[in-house]
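Per-entry structural report
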Amino acid sequence: MFARLWPALLALAAGLALACALLATLAGWLAGGDELGAARERWASRPLARYRLVVSEETSAGGCRQDVRVQNERIVAVLQNQCVRVASWTVSNLFAWAAGLDRRSTRCYPTDVTCVCHAIYSAEARYDPQLGYPRQITYQWRLETNWAYAGHWERMVRAHELPNCVSVARRVGGYISVTVLSLTPEP
C-alpha cells in the first residue's frame, strides 16, 4: 500500500516546497524593493559630489577594509586597500549590488535534474536614515536537504542513512557582508 502512495506523496511534497519558495521570494522582493527605492530617493535628494568612504568586507573566509576618496561617483584615490581585489566601492556601486541581489531565492543543487539539496539565498540591506546610502548589505547562502528528492528515501531504506548536503558539496553555506564604516563629505 505504501508503495502505491509513494509517488503521490513525493509529488505533494515537491509541490508544497515550490509554493513556499515562490511565496517567500515574492514577499522578500516586494519588501526589499520599496526600502531600496526610498533609500535611493534620499540619496538623490542630497547627493555628495565628493566624499571619503571607508568600507569593511566580511566573508566566511575572512575580512578586509577599503578607504577611498570618491568624486562624482568615481574613485579618485585609494587611501587603504586590505582586500585582495581592486577597490571598487562607491555609493552607486553599493546601490547597484543591493539592487542586483535576490532578497530571497531557492535553487536546486547541484542541478535541476538531481535536486539533492536546495540552495537558499538571502540578502538584507540597511540604509542610512538621513542620507539613504547603504550602511550594510549582507548576502548569505546555505544548502538544505531536499526532502522531496526520491533518492534520499531510497537510500534511507537501503543504507539506513539520513541524507545530508555535505556529501554533495564542499561547503554548505557562506556569506559576504559589506559595511560602511564611515562616509565623510569632502570639500
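Please refer to the structure higher up on the page.
The notes below deal with the structure included here. (Residues numbered from 1 in each chain as written. Predicted model: local features only at pLDDT ≥ 70, side-chain atom pairs only at ≥ 80, totals over all residues. Heavy atoms only, no water.)

Brief notes about the pattern of salt bridges
- Using the criterion set out here, one finds 8 salt bridges in the structure.
- For R69, the salt bridge goes to E186, with nearest N and O atoms at 2.9 Å. Taken together, the residues R69 in strand 2 (residues 62–71) and E186 in the segment after strand 7 (173–185) connect sequence positions 117 residues apart.
- For E124, the salt bridge is made with R126, and the minimal N-O distance between the two is 3.3 Å.
- E124 sits in the partly exposed class, given a relative accessible area of 45%.
- The exposure class assigned to R126 is partly exposed, which follows from its relative accessible area of 45%. (Salt bridge = Lys/Arg side-chain N within 4 Å of Asp/Glu carboxyl O. Helix = DSSP H or I, 4+ residues; strand = E, 2+ residues; numbered from the N terminus. Buried < 20%, exposed > 50% of the residue type's maximum accessible area, 1.4 Å probe, protein only.)

Remarks on unusual backbone geometry
- Following Y109, the chain continues into P110 via a peptide bond in cis, with omega recorded as 5 degrees.
- Note that P110 resides in the loop between strand 4 (104–109) and strand 5 (117–127).

A closer look at the packing of aromatic side chains
- Within this structure, the stated rule accounts for 7 aromatic pairs.
- Centroid distance F95 to Y127: 6.3 Å. Interplanar angle 15 degrees. Geometry classified as stacked. Taken together, the positions of F95 in helix 2 (residues 91–100) and Y127 in strand 5 put the pair 32 residues apart, joining distant regions of the chain. As far as the burial class goes, F95 and Y127 line up, both buried.
- Centre to centre, the rings of W147 and W153 are 5.9 Å apart; their planes meet at 50 degrees, and the pair counts as tilted.
- Given the relative accessible area of 43%, W147 is considered partly exposed.
- Residue classification places W153 among the partly exposed positions, given a relative accessible area of 28%.
- The rings of W43, Y51 and Y133 are connected pair by pair, giving a single aromatic cluster.
- The lysine or arginine in question, R107, covers the ring of Y121, its NZ or CZ lying 4.7 Å from the ring centre. (Phe/Tyr/Trp six-rings, centres within 6.5 Å; stacked < 30°, edge-to-face > 60°. Lys NZ or Arg CZ within 6 Å of the ring centre and 35° of its normal.)

Some points on the sheet that holds strand 3 (residues 74–81)
- Overall, antiparallel pairing links the 7 strands, which are arranged 3-2-1-7-6-5-4 in an open sheet. One side of each edge strand has no neighbouring strand; the edge strands of this open sheet are strand 3 and strand 4. Here the strands of the sheet are splayed against their neighbours by 20 degrees on average, with no regard to which way each runs.
- Pairing of strand 6 (residues 134–145) with strand 7 involves 7 bridges; the strand directions are antiparallel. Note that in strand 7 the partner of T138 across the bridge is S177.
- This element, helix 2, spans strand 1 (50–59), strand 5, strand 6 and strand 7 of the sheet and lies at about 30 degrees to strand 6. (Pairing = 2+ DSSP bridges. Axes fitted to C-alpha atoms, helices over the stretch in contact; angles between N-to-C directions. Contact = heavy atoms within 4.5 Å.)

What to know about the nonpolar core
- Within the largest apolar cluster, 32 residues are counted, with the highest numbers of intra-cluster contacts made by W43, Y51, L53 and L183.
- Taken together, the elements giving at least two residues each to this core come down to helix 1 (2–45), strand 1, strand 2, helix 2, strand 5, strand 6 and strand 7.
- When residues in this core are grouped by element, the largest group, 6 residues, is from strand 5. (Core = buried A, V, L, I, M, F, W, Y, C linked by side-chain atoms within 4.5 Å.)

Section: the environment of A119
- Relative to the helices and strands, A119 resides in strand 5.
- A119 sits in the buried class, given a relative accessible area of 3%.
- Residues A119 and G173, 54 residues apart in the sequence, show an inter-C-alpha distance of 8.7 Å.
- In this view, A119 contacts S105, T106, R107, Y109, R142 and L143; residues no more than four positions away in its chain are not counted.

A short note on the pairing of strand 1
- The sheet contact formed by strand 1 and strand 2 spans 10 bridges and is antiparallel. If you follow E57 over to strand 2, its bridge partner there is C64.
- Linkage of strand 1 to strand 2, two consecutive antiparallel strands, is achieved through a turn of 2 residues.
- By the bridge criterion, 9 bridges tie strand 1 to strand 7 in an arrangement that is antiparallel. Directly across from L53, in strand 7, lies its bridge partner L183.

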